Amino acid sequence: QVQLVESGGGLVQAGGSLRLSCAASGRTFRRYFMGWFRQAPGKEREFVATISWSGDNTYYADPVRGRFTISRDNAKNTVYLQMNSLKPEDMAVYYCAGSSSIVYGTRSPRSYDYWGQGTQVTVSS
């Protein structure tokens, strides 16, 4: 069992930066792919980024590639999402997720077994 707790959301002006953190409980954290998803009001949950268990492989959604960076510290059981050059369209609730096996691909929420409660990111124009 893995529990995930996000933090770091808040209000930022367009062009600004935020760093989200996701702290995981459980000694098996290092075995999981970790991902970030987001959901805006009235929209479906969408993939943002994923990182492999070792950190060697990362995957990004096209709208955030080049602006967001996912990383992890297995010693601290924490995954991060550094978000730069934020845009109003990035505004959403951001969720951390963990997957023990990417059965449906890295971009599908169905691949992820565990989810955090979400943290709100608000970008003012």
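Refer to the preceding data block for the structure.
Here we summarise the structure given alongside this text. (Residues numbered from 1 in each chain as written. Predicted model: local features only at pLDDT ≥ 70, side-chain atom pairs only at ≥ 80, totals over all residues. Heavy atoms only, no water.)

As a further point, take the packing of aromatic side chains. For the structure shown, the criterion picks out 5 aromatic pairs. On the numbers, 5.1 Å between centres and 75 degrees between planes, the contact of phenylalanine 37 with tyrosine 112 is edge-to-face. A residue pair is termed long-range when its members are at least 10 positions apart, and phenylalanine 37 in strand E4 (residues 33-39) and tyrosine 112 in the loop between strand E9 (92-99) and strand E10 (114-115) qualify at 75 residues. One Lys or Arg, arginine 110, reaches over the ring of tyrosine 104 and ends 3.9 Å from the middle of that ring. (Phe/Tyr/Trp six-rings, centres within 6.5 Å; stacked < 30°, edge-to-face > 60°. Helix = DSSP H or I, 4+ residues; strand = E, 2+ residues; numbered from the N terminus. Lys NZ or Arg CZ within 6 Å of the ring centre and 35° of its normal.)

The biggest cluster of nonpolar side chains holds 33 residues, and the ones touching the most others in it are Met34, Trp36, Leu81, Met83 and Tyr94. Apart from the residues lying within four places of it in its own chain, the contact partners of methionine 83 are Gly16, Ser17, Leu18, Leu20, Arg67, Phe68, Tyr94 and Val121. (Core = buried A, V, L, I, M, F, W, Y, C linked by side-chain atoms within 4.5 Å. Buried < 20%, exposed > 50% of the residue type's maximum accessible area, 1.4 Å probe, protein only. Contact = heavy atoms within 4.5 Å.)

Attention now goes to the pattern of salt bridges. Opposite charge on two side chains lets them pair, provided their charged atoms get close. By the definition in use, this model includes 4 salt bridges. Across the pair aspartate 62 and arginine 65 runs a salt bridge whose closest N-O atoms are separated by 2.4 Å. The exposed category is assigned to aspartate 62, whose relative accessible area is 60%. Residue arginine 65 is classed as partly exposed on the basis of its relative accessible area of 43%. Taking the shortest distance from any N to any O, the salt bridge between aspartate 90 and arginine 67 comes out at 2.7 Å. With aspartate 90 in the loop between strand E8 (78-83) and E9 and arginine 67 in the loop between strand E6 (58-60) and strand E7 (68-73), this pair connects stretches of sequence that are 23 residues apart. Accessibility expressed as a relative area gives 0% for aspartate 90, which makes it buried. Salt bridges here are not isolated pairs; linked through shared partners, they connect Arg38, Glu46, Arg67 and Asp90. (Salt bridge = Lys/Arg side-chain N within 4 Å of Asp/Glu carboxyl O.)

Fair warning: the whole summary comes from geometry, so function is off the table for now.
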